[in-house]
Number of protein chains: 4
Amino acid sequence: MSSILGNNLKLSVWGESHGKAIGCTLDGLPSGLSLDLERISKDLDKRRGLKELSTARREKDQFEILSGYFNGHTTGTPLTFMIRNEDVDDKVYDDTKNILRPGHADYTAFLKYEGYQDYRGGGHFSGRITAPIVIAGSIAKQILEEKGIVIGSRIKEIHGIKDESKVEDYEKTIKDLNELDFPTLDSIKANEMKNEIIKAREQLDSVGGIVETYALVNDYVLGEPMFDSVESKISQYIFSVGGVKGISFGLGFDFASKRGSEVKDEYELVENKIVTKNNNNGGILGGITSLQPIVFDTVIKPTASIGQTQKTVDFKENKEVELSVKGRHDPCIVPKALQVINALTALALLDLLMEEYGRKNI
Amino acid sequence: MSSILGNNLKLSVWGESHGKAIGCTLDGLPSGLSLDLERISKDLDKRRGLKELSTARREKDQFEILSGYFNGHTTGTPLTFMIRNEDVDDKVYDDTKNILRPGHADYTAFLKYEGYQDYRGGGHFSGRITAPIVIAGSIAKQILEEKGIVIGSRIKEIHGIKDESKVEDYEKTIKDLNELDFPTLDSIKANEMKNEIIKAREQLDSVGGIVETYALVNDYVLGEPMFDSVESKISQYIFSVGGVKGISFGLGFDFASKRGSEVKDEYELVENKIVTKNNNNGGILGGITSLQPIVFDTVIKPTASIGQTQKTVDFKENKEVELSVKGRHDPCIVPKALQVINALTALALLDLLMEEYGRKNI
Amino acid sequence: MSSILGNNLKLSVWGESHGKAIGCTLDGLPSGLSLDLERISKDLDKRRGLKELSTARREKDQFEILSGYFNGHTTGTPLTFMIRNEDVDDKVYDDTKNILRPGHADYTAFLKYEGYQDYRGGGHFSGRITAPIVIAGSIAKQILEEKGIVIGSRIKEIHGIKDESKVEDYEKTIKDLNELDFPTLDSIKANEMKNEIIKAREQLDSVGGIVETYALVNDYVLGEPMFDSVESKISQYIFSVGGVKGISFGLGFDFASKRGSEVKDEYELVENKIVTKNNNNGGILGGITSLQPIVFDTVIKPTASIGQTQKTVDFKENKEVELSVKGRHDPCIVPKALQVINALTALALLDLLMEEYGRKNI
Amino acid sequence: MSSILGNNLKLSVWGESHGKAIGCTLDGLPSGLSLDLERISKDLDKRRGLKELSTARREKDQFEILSGYFNGHTTGTPLTFMIRNEDVDDKVYDDTKNILRPGHADYTAFLKYEGYQDYRGGGHFSGRITAPIVIAGSIAKQILEEKGIVIGSRIKEIHGIKDESKVEDYEKTIKDLNELDFPTLDSIKANEMKNEIIKAREQLDSVGGIVETYALVNDYVLGEPMFDSVESKISQYIFSVGGVKGISFGLGFDFASKRGSEVKDEYELVENKIVTKNNNNGGILGGITSLQPIVFDTVIKPTASIGQTQKTVDFKENKEVELSVKGRHDPCIVPKALQVINALTALALLDLLMEEYGRKNI
């Protein structure tokens with residue numbers, strides 16, 4: 001069990017890359033929400049990434065609402081979305097179904113499901129399954145924005161190309177980032193990064209990167225001590241995404257080389273409000289938001305599917321073989337993953353918000 | 001809500017630094033386990049860290065079993081441990097109770113609990129609350145070891161001093177690390193790190209660091225797709241520890257500067273078994289263990305309590321004040337945190353094991 | 001939140017009577033199960049009740065599997081079923097949408113969802129939503145039967161007509177009951193009951209009744225002390241069905257007029273096995289199965305929809321009005337409810353089985 | 001796993017009848033609650049039942065608060081209570097530890113825990129474990145009463161002696177019942193019932209009965225469709241009590257002999273408010289409170305421990321033996337169980353209240 005999560009707002013995600021459909025159910029939403037369906041479509045489009053950077057499957061994700069939405073509002077009972085898989089050609093998998101793609105879940109799914117897993121395009125482990133997450137996250141963002149809680153992310157690094165710009169005005173930055181299709185702080189760096197991705201594609205290779213995420217929680221105090229700390233919650237949600245290999249908050253791994261005196265978040269009074277000059281802790285102390293911006297980094301590994309020849313094993317014939325992954329895949333999933341990270345952050349924060357403030361009050 | 005976690009093995013942790021007692025309840029253990037109580041005591045001792053590196057409260061953690069243990073075996077019903085807080089002098093907190101300690105949960109607890117939190121020594125947010133976690137983890141480790149699943153950690157970095165040794169034989173290394181009271185791979189680096197900690201203490205400062213953890217899962221296939229991925233599970237547990245600011249698996253944040261071709265975990269057949277030469281993915285693919293060693297890093301920030309004067313706010317009088325934290329605190333909690341990380345890793349893996357294999361079979 | 005349940009096998013149910021579709025997701029099934037889809041269809045047919053007793057909507061419930069089933073086996077990842085609502089005419093509800101049907105959830109749904117609920121045919125509160133439960137239950141029964149665990153129910157009472165037969169051979173009885181479309185122990189009583197239902201229909205009225213359920217757990221010891229007692233679990237599942245107003249185990253409410261000496265379940269040795277001559281406790285002691293048959297009663301109220309004129313309120317115009325429910329409804333839902341009770345019992349027992357024995361072992 | 005329950009307010013109950021201590025942890029309470037500790041003691045006293053009706057263990061339940069309470073208020077972090085077991089003489093169990101007491105959990109605990117259960121006085125299955133539940137429930141009642149939600153119960157039947165009085169004014173009745181130590185509506189019937197209990201005791205026998213519970217929810221709309229229906233929730237909590245064998249809402253099992261036209265809850269307008277003249281549905285429709293009083297019955301079986309000789313089995317020596325239960329036990333646990341039912345009802349309703357209205361708002 002695993003594809004259902006949340007305490008007050010439960011998200012159930014289902015489907016496989018090449019099955020009949022993918023979808024999700026959100027259970028626990030308040031009634032009377034008018035959803036911006038256009039916005040959901042836009043968020044889905046963004047998840048498909050930039051056309052020029054991708055050779056991947058490009059089908060339009062047309063969703064259908066199956067339940068929980070009536071006369072233009074949520075009913076308060078389970079809200080279900082479905083996207084039919086249309087651009088599916090499962091013949092292409094017949095030849096390679098016993099050949100483990102390095103770095104993918106092929107081997108572990110084989111071990112766990114003992115050969116019964118849907119191997120076509122990664123099945124339930126495919127990045128395609130993030131489409132319903134983006135739908136759910138789009139709704140969560142709409143609810144949070146009504147409360148003045150906003151979320152945005154930027155690409156901070158692609159294959160060593162780092163955008164080291166600092167954020168001055170978080171609110172404006174988040175707004176701007178959410179309008180970009182390749183969100184960075186520095187547009188020159190954006191071009192360098194894109195070139196790096198194109199170069200990788202040309203060389204039948206792939207690249208990884210880092211996404212930096214910001215969330216402004218307005219006056220809401222979110223998070224619980226211990227196991228529902230904001231860090232615990234966000235990381236549990238985000239590590240659900242294939243390719244994510246690390247998460248850090250505030251200074252993150254840079255804390256390892258620091259002294260306490262260098263990274264202290266001293267308090268001061270500004271216009272009678274308690275604030276910190278610095279935000280080394282990324283807006284979270286003791287697992288609870290400090291009213292400063294939540295800031296965290298997520299690292300995404302280079303796409304495991306590459307065109308270059310790799311050594312692997314045919315587990316049926318039990319022999320070593322060579323594989324060069326054909327077909328549609330992205331040389332860099334960082335821009336797509338960024339959208340999913342935003343979605344999951346919204347879902348995590350909304351669940352924490354409901355825990356404290358109640359369904360009636362959101 | 002937050003201090004209860006787990007699906008098949010629930011852990012409930014309670015208590016405050018200067019309250020009457022701290023403790024935990026484990027619900028879901030099988031009956032008939034004979035616990036090594038000596039081992040639990042040893043693990044608790046290790047959690048208290050090295051005497052020479054610490055000026056902190058040093059009370060011996062004498063635990064009492066209140067329920068669930070009968071005639072030397074677990075009964076199968078809730079197992080409860082209690083440690084009385086003895087070395088408590090709560091007078092010392094009266095003067096400073098309205099002064100926010102930078103980097104601690106004082107401010108966020110104040111916001112969340114509206115002034116009703118137990119402010120003495122950090123209350124429920126104190127590192128002291130990790131003692132019951134270590135008890136629970138010690139039991140989890142005992143159960144896992146019976147199944148051939150072992151866990152160990154080393155200090156990889158303290159304030160920029162890095163131990164860059166590589167592990168050759170994971171099983172031996174884990175065994176060795178579990179016998180060291182300052183576990184590193186390189187004993188010379190260990191001394192440098194200790195000196196760094198002592199120096200920080202002398203300068204009324206503190207330092208952070210990185211713990212690297214290894215888990216060998218034997219033949220067990222653990223983890224679920226999506227929200228109960230091994231990464232989701234481990235990170236949810238470990239981010240419950242105050243001071244942890246990042247977690248990464250395998251190459252972690254180094255993936256950001258890599259190409260797919262550089263970090264591929266190609267498969268080969270060795271003695272007819274499918275293995276990978278490299279383990280860049282840290283033993284997890286698609287959220288499920290690949291039978292390779294699980295490897296992950298946890299970064300711990302420098303202790304927020306430092307002797308140096310810091311600027312802060314007295315929130316009662318609403319004025320800026322200066323604070324130099326007196327009393328007992330560690331200049332570096334990395335060695336202690338390492339023990340708690342081992343404990344939480346064991347609890348996370350045991351819960352996943354029970355999910356798949358059942359209580360009857362562990 | 002509420003339409004998701006289960007610890008090791010999670011069931012998510014969604015949909016409304018007159019929405020686009022109804023469906024469910026089962027998360028946590030083992031991989032490699034070959035489902036008897038014919039059996040699922042038959043169980044769905046049974047849920048529609050006897051044609052001669054019903055004037056209700058009779059659409060065939062054609063289901064589609066959207067995910068989790070590949071090459072004739074479960075994949076181990078979420079299994080999703082959908083049934084399109086076809087026989088839907090939502091115009092008929094326009095006139096009466098503000099008129100509260102007595103005994104239905106109209107008023108409480110209005111209070112809770114503040115007018116945003118889907119009022120057509122009861123929306124998410126409709127009996128129609130039990131169709132996906134029957135699908136999920138059919139699968140659970142298939143898994144349990146492989147382990148020798150069988151479940152069956154009989155109609156024990158309809159509007160005062162009681163079938164007071166006793167079960168001699170539970171295994172045979174369960175088998176027989178599962179083949180009947182109006183399952184009773186005494187076929188003469190069955191006819192009397194049917195006549196009672198027909199009479200009620202003719203008089204524009206409805207009747208209630210009692211279902212008695214049996215479950216044989218083979219050698220499996222199911223249930224936990226306290227909150228996951230077999231009684232807690234079964235009742236939580238079964239009270240999800242609209243119309244269920246009481247559940248009792250073993251002698252149930254007859255215990256109130258008994259002395260301990262009259263209802264003792266004394267132990268004896270039969271062929272060296274510990275058994276009880278009587279089974280007043282309905283196969284459960286301390287929340288755990290005693291290896292005797294689980295026996296429990298469920299009472300179902302008379303259908304709230306009746307043709308006779310009832311007094312009620314138009315909450316929009318805030319005035320008292322009269323209502324006679326037109327359209328399709330059953331004079332007695334007991335035979336349908338029986339199928340749903342079997343399904344929910346199977347789901348409850350399977351979740352308990354997985355808790356103890358693990359997914360790998362079912 | 002099983003002794004932890006609740007979604008927003010988690011209750012963890014632990015301990016055995018003759019272990020060191022029993023206790024509970026409540027996780028999820030808001031901070032700043034000032035608890036009436038005197039009230040908790042009184043509720044614990046009531047749980048011990050009437051002295052004249054009982055030969056049972058009579059130790060005073062002195063509780064200690066171990067965590068979560070500071071300066072006279074809840075802190076918002078886990079609140080833990082402990083009661084030491086003092087009046088314990090475990091020698092008496094040595095002779096009979098292999099002899100199954102009919103009607104108790106001895107046999108099922110033996111099956112489940114394979115001989116490792118704490119057999120002394122029923123261990124974790126003892127009625128003694130209800131003391132921490134009463135503590136938790138007392139707190140829940142205090143919170144609910146602040147919101148105008150009140151709960152009370154009466155003894156409706158003891159061994160066939162029925163109190164058939166009807167409630168006129170629920171609010172006054174609940175107030176009165178909560179002040180009685182043997183709560184009935186009719187005090188003459190109360191005496192008859194007491195005599196029945198005394199007679200049973202004299203004849204080394206025991207008797208069962210029915211408790212009727214009322215809850216007024218003020219203007220709060222509680223409960224969810226399906227699996228968190230008020231009925232699902234209350235029954236899951238209450239079936240945790242040993243001896244409870246049935247629960248029914250409103251007319252309950254009487255619905256089986258009724259027609260729809262006889263039991264309809266028609267709506268009318270009284271002072272512009274929508275009400276029902278009758279309340280056959282016990283204040284719940286579609287799983288959600290209808291603002292009418294919640295009314296439900298719980299049946300409790302005669303105490304399994306009786307002084308009369310019973311046939312049973314010594315499972316160690318595998319032979320049939322005779323047993324007459326010596327020592328301390330109640331001839332009727334109905335009056336005690338009533339207090340526990342009130343407690344569990346309060347906990348169930350509070351969890352539902354928090355789900356909808358949030359921790360901040362209770």
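Residues numbered from 1 in each chain as written. Chains lettered and ligands numbered in written order. Predicted model: local features only at pLDDT ≥ 70, side-chain atom pairs only at ≥ 80, totals over all residues. Heavy atoms only, no water.

1. A short note on the pairing of strand S10 (residues 209-216) of chain B
All names here are of chain B.
Then step 1. Of all eight residues that make up S10, eight are buried, and the element is covered over most of its length.
Then step 2. The side-chain alternation of S10 yields two buried faces, one formed by Gly209, Val211, Thr213 and Ala215 and the other by Ile210, Glu212, Tyr214 and Leu216.
Then step 3. With eight bridges joining them, strand S8 (residues 150-158) and S10 adopt antiparallel strand pairing. Its bridge partner lying in S10, Val150 is registered against Leu216.
Then step 4. Of the pairings in the sheet, the one linking S10 to strand S16 (residues 294-300) comprises seven bridges and is antiparallel in character. Within S16, the residue paired with Ala215 across the bridge is Ile294. (Buried < 20%, exposed > 50% of the residue type's maximum accessible area, 1.4 Å probe, protein only. Helix = DSSP H or I, 4+ residues; strand = E, 2+ residues; numbered from the N terminus. Pairing = 2+ DSSP bridges.)

2. Here's the deal with unusual backbone geometry
All names here are of chain C.
Then step 1. Phi angles above zero are rare outside glycine, and Leu204 is one such case at about 55°.
Then step 2. Along the polypeptide, Leu204 turns up in the loop between helix H5 (187-202) and strand S10 (209-216).
Then step 3. Notably, Leu291 is not glycine yet its phi reads approximately 75°, a positive angle.
Then step 4. Summarising the element assignment, Leu291 is placed in the loop between strand S15 (288-289) and strand S16 (294-300).
Then step 5. Leu291 sits in the partly exposed class, given a relative accessible area of 27%.

3. Some details on the interface of chain A and chain B
Then step 1. Contacts between chain A and chain B engage 105 residues on the former and 105 residues on the latter.
Then step 2. Across the chain A/chain B interface, buried area totals approximately 8,600 Å², and carbon plus sulfur atoms make up 60% of it.
Then step 3. A per-residue breakdown of the area chain A buries against chain B is headed by A:Phe227, A:Arg259 and A:Tyr267, which together make up 11% of the total.
Then step 4. Inspection of the region where chain A meets chain B yields eight salt bridges.
Then step 5. As a salt-bridge pair, B:Lys245 and A:Glu231 come within 3.5 Å of each other at their nearest N and O atoms.
Then step 6. Taken together, the connections running from chain A to chain B amount to 50 residue pairs in polar contact (both at pLDDT 80 or more). (Contact = heavy atoms within 4.5 Å. Buried area = accessible area lost by both parts, 1.4 Å probe. Salt bridge = Lys/Arg side-chain N within 4 Å of Asp/Glu carboxyl O. Polar contact = N/O pair within 3.5 Å; in protein donor to acceptor, adjacent residues only side chain to side chain.)

4. A closer look at the sheet that holds strand S4 (residues 63-67) of chain B
All names here are of chain B.
Then step 1. Pairing is antiparallel across the open sheet formed by five strands, whose spatial order is S1-S2-S3-S7-S4. Strand pairing shows two members of the sheet lacking a second neighbour, strand S1 (4-5) and S4, which therefore form its edges.
Then step 2. Here two bridges tie S1 to strand S2 (residues 10-15), and the two strands are oriented antiparallel to one another. Among the inter-strand pairings, Ile4 is bridged to a residue of S2, identified as Ser12.

5. With respect to the relation of the copies chain A and chain B
For these two chain copies, the linking operation is a rotation about an axis paired with a shift along it.
Then step 1. Superposing chain A onto chain B takes a rotation of 180° combined with a translation of 0.0 Å along the rotation axis, leaving an RMSD of 0.0 Å. This pairing of chains is accounted for by a two-fold axis.
Then step 2. Of the residues that chain A buries at the interface, 100% are likewise interface residues in chain B, meaning the two copies contact each other through the same surface. (Least-squares fit on C-alpha atoms with pLDDT ≥ 70 in both.)

6. Overview of the environment of A:Ser17
Residue and element names in this part refer to chain A.
Then step 1. As for its placement among the helices and strands, Ser17 is situated in the loop between strand S2 (10-15) and strand S3 (21-27).
Then step 2. Exposure remark for Ser17: the relative accessible area of 2% places this residue in the buried category.
Then step 3. Between the C-alpha atom of Ser17 and that of Ser126, which follows or precedes it by 109 residues, the distance is 5.7 Å.
Then step 4. There is a polar contact of 2.8 Å between the side chain of Ser17 and the side chain of His18.

7. As for the packing of aromatic side chains
Then step 1. Here the structure, examined in full by the defined rule, presents 42 aromatic pairs over all chains.
Then step 2. Aromatic side chains B:Phe249 and B:Phe296 sit 5.4 Å apart centroid to centroid with 35° between the ring planes, which places their arrangement in the tilted category. Placement of the pair is B:Phe249 in strand S11 (residues 244-249) and B:Phe296 in strand S16, with a sequence separation of 47 residues.
Then step 3. Among the residues examined, B:Phe249 registers a relative accessible area of 0% and is labelled buried.
Then step 4. In this structure B:Phe296 comes out as buried when scored by relative accessible area, which is 1%.
Then step 5. Measuring from ring centre to ring centre gives 5.4 Å for C:Phe253 and D:Phe253, while their planes differ by 55°; the resulting arrangement is tilted. Of this pair, C:Phe253 sits in the loop between strand S11 (244-249) and strand S12 (267-270) while D:Phe253 sits in the loop between strand S11 (244-249) and strand S12 (267-270), each in a different chain.
Then step 6. Looking at D:Phe253, the relative accessible area reads 18%, which means it is buried. (Phe/Tyr/Trp six-rings, centres within 6.5 Å; stacked < 30°, edge-to-face > 60°.)

8. Concerning the interface of chain D and chain B
Then step 1. Between chain D and chain B, the residue contacts involve 47 residues of the former and 47 residues of the latter.
Then step 2. Both sides together, the interface formed by chain D and chain B hides about 3,800 Å², and carbon and sulfur atoms give 57% of it.
Then step 3. Applying the counting criterion to the chain D and chain B interface returns six salt bridges.
Then step 4. B:Glu64 is paired through a salt bridge with D:Lys20; the nearest N and O atoms lie 3.5 Å apart.
Then step 5. If you look at where chain D meets chain B, you find 16 residue pairs in polar contact (both at pLDDT 80 or more).
Then step 6. Of all the secondary structure elements, the ones that give two or more residues to the side of chain D that touches chain B are strand S2 (10-15), strand S3 (21-27), strand S4 (63-67), strand S6 (73-74), strand S7 (79-84) and helix H2 (106-113) of chain D.
Then step 7. For the side of chain D that touches chain B, the element with the most residues is S2(D), which contributes five residues.
Then step 8. In terms of residue class, the side of chain D that touches chain B is made up of 14 nonpolar, 21 polar and twelve charged. (Nonpolar A, V, L, I, M, F, W, Y, C, P; charged D, E, K, R; others polar.)

9. Regarding the pattern of salt bridges
Pairing of side chains with opposite charge becomes possible as their charged atoms draw close.
Then step 1. Following the criterion strictly, the structure yields 120 salt bridges over all chains and no others.
Then step 2. Residue D:Arg359 is joined to A:Glu355 by a salt bridge in which the shortest nitrogen-to-oxygen separation is 2.7 Å. Placement of the pair is D:Arg359 in the segment after helix H7 (334-357) and A:Glu355 in helix H7 (residues 334-357), with the two residues belonging to separate chains. Just as D:Arg359 is buried, A:Glu355 falls in that class too.
Then step 3. Here the salt bridges do not stand alone but share partners, grouping A:Lys112, A:Glu114, B:Glu224, B:Glu355, B:Glu356, C:Arg359 and C:Lys360 into one network.

10. Brief notes about the sheet that holds S2(D)
Residues and elements named next belong to chain D.
Then step 1. A sheet is described by the order of its strands in space; here five strands give the open sequence S1-S2-S3-S7-S4, paired in antiparallel fashion. For this open sheet the edge positions go to strand S1 (4-5) and S4, each flanked by a neighbour on one side alone.
Then step 2. Across the sheet, helix H3 (residues 130-146) touches S2, S3, S4 and S7, and the angle it forms with S3 is around 30°. (Axes fitted to C-alpha atoms, helices over the stretch in contact; angles between N-to-C directions.)

11. Considerations on the confidence of the model for chain A
Then step 1. For chain A, the average pLDDT comes to 94, and 97% of its residues sit at 70 or higher.
Then step 2. Taken together, the chains of this predicted complex give a pTM of 0.97 and an interface ipTM of 0.97. (pLDDT = per-residue confidence, 0-100.)

12. Considerations on H3(D)
All names here are of chain D.
Then step 1. With 17 residues, H3 extends 24 Å from end C-alpha to end C-alpha; this agrees with the ideal 24 Å at 1.5 Å per step.
Then step 2. The element H3 is extensively covered by neighbouring structure, given that 15 of its 17 residues are classed as buried.
Then step 3. In the segment just after H3, Gly148 is the residue with positive phi, at about 80°. (Expected span 1.5 Å × (residues − 1).)

13. So, the side chain of C:Thr25
Then step 1. Topologically, C:Thr25 is positioned in strand S3 (residues 21-27).
Then step 2. In this structure C:Thr25 comes out as buried when scored by relative accessible area, which is 0%.
Then step 3. Of note is the side chain of C:Thr25, whose polar atom sits 3.0 Å from the side chain of C:Thr80.
Then step 4. Each residue touching C:Thr25, except ones within four places of it in the same chain, is listed here: A:Ser12, A:Trp14, C:Lys10, C:Leu11, C:Ser12, C:Trp14, C:Pro78, C:Leu79 and C:Thr80.

14. What to know about the packing of helix H6 (residues 230-238) of chain A against H7(A)
All names here are of chain A.
Then step 1. The interhelical angle for the contact between H6 and H7, taken along N-to-C directions, is 135°, at an axis separation of 9 Å. One element, H6, and the other, H7, form an angle in the oblique class. Seen along the crossing, H6 lies across H7 with a hand that is right-handed. Across from Val230, Lys233, Ile234, Tyr237 and Ile238 in H6, the residues of H7 making contact are Ile341, Leu344, Thr345, Leu347, Ala348, Leu349, Asp351 and Leu352.
Then step 2. Within the contact of H6 with H7, the residues separate by chemical class into ten nonpolar, one polar and two charged. (Parallel < 35°, antiparallel > 145°, perpendicular 65-115°, else oblique. Left-handed = near helix turned anticlockwise from the far one by under 90°.)

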